[in-house]
Amino acid sequence: MELPTEHESKRDPDCVFCSIVAGETESSQVYRDDSVIAFLTIGPVTEGHVLVCPVDHYPYLADLPDDVATEMFRVSREIAGAIRASSIRAEGINLFYADGEIAFQEVFHSHMHVFPRYEGDTFKLDADWTNQPPRSELDAVAETIRESLGK
Ligand SMILES: [Zn+2]
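Residues numbered from 1 in each chain as written. Predicted model: local features only at pLDDT ≥ 70, side-chain atom pairs only at ≥ 80, totals over all residues. Heavy atoms only, no water.

Peer 1: Teacher, can you tell me more about the pairing of strand β2 (residues 36-40) here?
Peer 2: Put simply, side chains in a regular strand alternate between the two faces of the sheet. The buried fraction of β2 is high, at four of five residues. As paired elements, strand β1 (residues 29-32) and β2 share three bridges and run antiparallel to each other. Each bridged residue has a counterpart across the sheet, and for Q29 the counterpart in β2 is F39. If you look at the hairpin formed by β1 and β2, you'll find three residues sitting between the two strands. (Buried < 20%, exposed > 50% of the residue type's maximum accessible area, 1.4 Å probe, protein only. Helix = DSSP H or I, 4+ residues; strand = E, 2+ residues; numbered from the N terminus. Pairing = 2+ DSSP bridges.)

Here it is in structure tokens:
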């Protein structure tokens, strides 16, 4: 019996991004190394919309090993710079990470969205950005997060 490789052991057979990693589903790749792959989404918010994924199957942000998360951000930043330096229209760039279905995650294989922004594009984050709680409330929330961090 042949033992599975480390990569195969972290693959979800029902995951489309794992299938892209394996080369079984076509994709338009822009980058690949040992731990990260980047390719164009088939549903771009704007032209040049890239998804940066771990090669291995990790569903959520908290599942990512530190070195993989670091590499995902490094590659996202490098691709953002490459897009801005290219002929693709980009007056700015958004990095967007959806962690969980309520946060708009649709494929449960961790991925960072990197996409160009420009005047008149259709991307929206509909929220109340005018909410300004009192300092006492901010301090209480900060304490809750600090306690959870264990710092
Ligand atoms: Zn996957």
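Peer 1: Help me understand the pattern of salt bridges, please; the structure alone is not making it clear to me.
Peer 2: Should the charged atoms of two oppositely charged side chains come close, the side chains can pair. According to the stated counting rule, one finds six salt bridges in the structure shown. Here E24 and R11 are joined by a salt bridge, their closest N and O atoms 2.8 Å apart. Placement of E24 in the loop between α2 (16-21) and β1 and of R11 in the loop between α1 (6-9) and α2 is noted, with a sequence separation of 13 residues between them. Accessibility expressed as a relative area gives 28% for R11, which makes it partly exposed. (Salt bridge = Lys/Arg side-chain N within 4 Å of Asp/Glu carboxyl O.)

Peer 1: Looking at this structure, how should I read the coordination of the zinc ion?
Peer 2: Octahedral metal centres with six donors ideally show angles of 90 or 180 degrees, and tetrahedral centres with four donors ideally show 109.5 degrees. Within the protein, the atoms that donate to the zinc ion are C15 (SG), C18 (SG), H57 (ND1) and H109 (ND1), at distances of 2.0 to 2.3 Å. On the primary sequence, the residues serving as donors to the zinc ion are separated as C-x2-C-x38-H-x51-H. Taken together, the residues span a long stretch of sequence, with C15 in the loop between α1 and α2 and H57 in the loop between β3 (50-54) and α3 (66-85) at a distance of 42 residues. Given the relative accessible area of 15%, H57 is considered buried. (Donors = N, O, S within 2.8 Å, 3.2 Å for Na, K, Ca; no water.)

Peer 1: Is there a simple way to think about helix α4 (residues 135-149) in this case?
Peer 2: Think of an α-helix as 3.6 residues a turn; residues three or four steps apart then line up on the same face. Between the first and last C-alpha of α4 there are 21 Å, a value that for 15 residues agrees with the 21 Å anticipated at 1.5 Å per step. After α4 finishes, the residue G150 shows a positive phi value of roughly 75 degrees. (Expected span 1.5 Å × (residues − 1).)

Peer 1: Sorry if this is basic, but what is going on with the sheet that holds β2 here?
Peer 2: Paired through backbone hydrogen bonds, the strands of a sheet run either parallel or antiparallel to each other. Strand order across the open sheet formed by five strands is β1-β2-β3-β5-β4, with antiparallel pairing between neighbours. Of all the strands in the sheet, just β1 and β4 (92-97) have a single pairing partner and so form its edges. Geometrically, the sheet is characterised by an average inter-axis angle of 20 degrees between neighbouring strands, direction not taken into account. Summarising the sheet, β3 and strand β5 (residues 112-117) pair through three bridges and their orientation is antiparallel. Across the sheet, V50 pairs through a bridge with V114, a residue of β5. (Axes fitted to C-alpha atoms, helices over the stretch in contact; angles between N-to-C directions.)

Peer 1: Help me out: how do you make sense of the environment of I79 in this one?
Peer 2: Position of I79 relative to the elements: it lies in helix α3. With relative accessibility at 10%, the residue I79 sits in the buried group. Placed 31 residues apart in sequence, I79 and G48 show a C-alpha to C-alpha distance of 9.9 Å. If we skip the residues at most four places from it in the chain, I79 touches V30, Y31, A38, V50, V52 and V114. (Contact = heavy atoms within 4.5 Å.)

Any link to function would need more than the numbers given here.
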